[in-house]
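Close look at the chain arrangement
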Amino acid sequence: VQLQASGGGLVQAGDSLRLSCAASGRSFSNYIMGWFRQAPGKEREFVAVIQRRGGITNYADPVKGRFTISKDNAKNTGYLQMTSLKPEDTAVYYCAADSTLIWGLVRRPSEYDYWGQGTQVTVSS
């Protein structure tokens, strides 16, 4: 599956953004989808993940209650709705997918086989 992330931009603290992850090549319903981010000088970190057919999600503590992950398998697209953005959310955001990932390992970027190219999110104070 090929992934294309989009929707990043420059916003002010408190604003919202919605990132999209368009999948092509195979049915997205077979894939767990995750969002990760990487700030300059830092390692790539887990943000959120959603089960293959949606419904079950998991979030990193810093974004819990502010970000919402979703997946529209009919459109082969995943989303990350981000609200109440903070300057510390500034990073390149990546979507990732995997068809065989065990749920207990979903926070590990090394476990994902497929990655989008990343989209920059910059939050000014």
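To be clear, the structure that these remarks concern was listed above.
Throughout this description, residue numbers start from 1 for each chain and increase along the sequence as written. In keeping with the model being predicted, local features are shown solely for residues with a pLDDT of at least 70 and side-chain atom pairs are shown and tallied solely at 80 or more, while totals for entire chains, interfaces and linings include all residues. Hydrogen atoms and water are omitted, and side-chain values are computed over all heavy atoms in the structure.

Quick look at the state of the cysteines now. In this description, a disulfide is simply a cysteine sulfur pair whose atoms lie within 2.5 Å. Counted under the stated rule, the structure contains one disulfide. Residue pairing for C21: its cysteine sulfur links by disulfide to C95, the two sulfurs lying 2.2 Å apart. Between C21 and C95, the disulfide has an S-S torsion of 70° and is therefore right-handed. One end of the pair, C21, is in strand β3 (residues 17-24); the other, C95, is in strand β9 (residues 91-98), and 74 residues separate them in sequence. The class of C21 is buried, set by a relative accessible area of 0%. Each helix is a run of H or I in the DSSP string that is no shorter than four residues. Each strand is a run of E no shorter than two, and both are numbered from the N terminus. To sort residues, take the accessible area from a 1.4 Å probe on protein chains only and compare it with the maximum for the residue type: under 20% means buried, over 50% means exposed, and anything in between is partly exposed.

Between rings of Phe, Tyr and Trp, where Trp is taken as its six-membered ring, a pair exists when centres lie within 6.5 Å; planes separated by under 30 degrees are stacked, by over 60 edge-to-face, and by other angles tilted. What the rule picks out here adds up to six aromatic pairs. Ring centres of F36 and F46 lie 5.9 Å apart, and the angle between their planes is 70°; on these two criteria the pair is classed as edge-to-face. In this pair, F36 is assigned in strand β4 (residues 32-38) and F46 in strand β5 (residues 45-50), connecting sequence segments 10 residues apart. The burial state of F36 is the same as that of F46; both residues are buried.

The four strands are arranged β1-β3-β8-β7 in an open sheet whose pairing can be described as antiparallel. Because the sheet does not close on itself, it has two edges, and the strands there are β1 (2-6) and β7 (67-72). Neighbouring strand axes in the sheet, compared pairwise and without regard to direction, differ in orientation by 15° on average. Criterion used throughout: strands pair if DSSP finds at least two bridges between them. Bridge count for β3 against strand β8 (residues 77-82) is six bridges, and the pairing is antiparallel. Residue pairing for β8: L19 is matched across the bridge by L80. Convention adopted: a line fitted to C-alpha atoms gives each axis, helices being fitted over their contacting stretch, and angles between N-to-C directions are expressed from 0 to 180 degrees.

A word on the nonpolar core. Ranked by internal contacts, the top residues of the largest apolar core, which has 38 residues, are W35, L80, M82 and Y93. Counting only elements with at least two residues in this core, the list comes to β1, β3, β4, β5, β7, β8, β9 and β11 (119-124). For the purposes of this section, nonpolar cores are sets of buried Ala, Val, Leu, Ile, Met, Phe, Trp, Tyr and Cys residues that join through side-chain atoms within 4.5 Å.

This part covers unusual backbone geometry. At N76, a position not held by glycine, the phi torsion is positive, near 55°. Looking at where N76 falls in the secondary structure, it is placed in the loop between β7 and β8.

Within a regular strand, side chains alternate between the sheet's two faces. Buried residues dominate β4, accounting for six of its seven residues. Judged from the seven bridges that link them, β4 and β9 form a sheet pairing that is antiparallel. From the neighbouring strand, R37 faces β9, where its bridge partner is Y93. With five bridges joining them, β4 and β5 adopt antiparallel strand pairing. The residue bridging R37 from the neighbouring strand is E45, located in β5. As consecutive antiparallel partners, β4 and β5 are separated by six residues, and within that stretch G41 has a phi angle of approximately 80°, a positive value.

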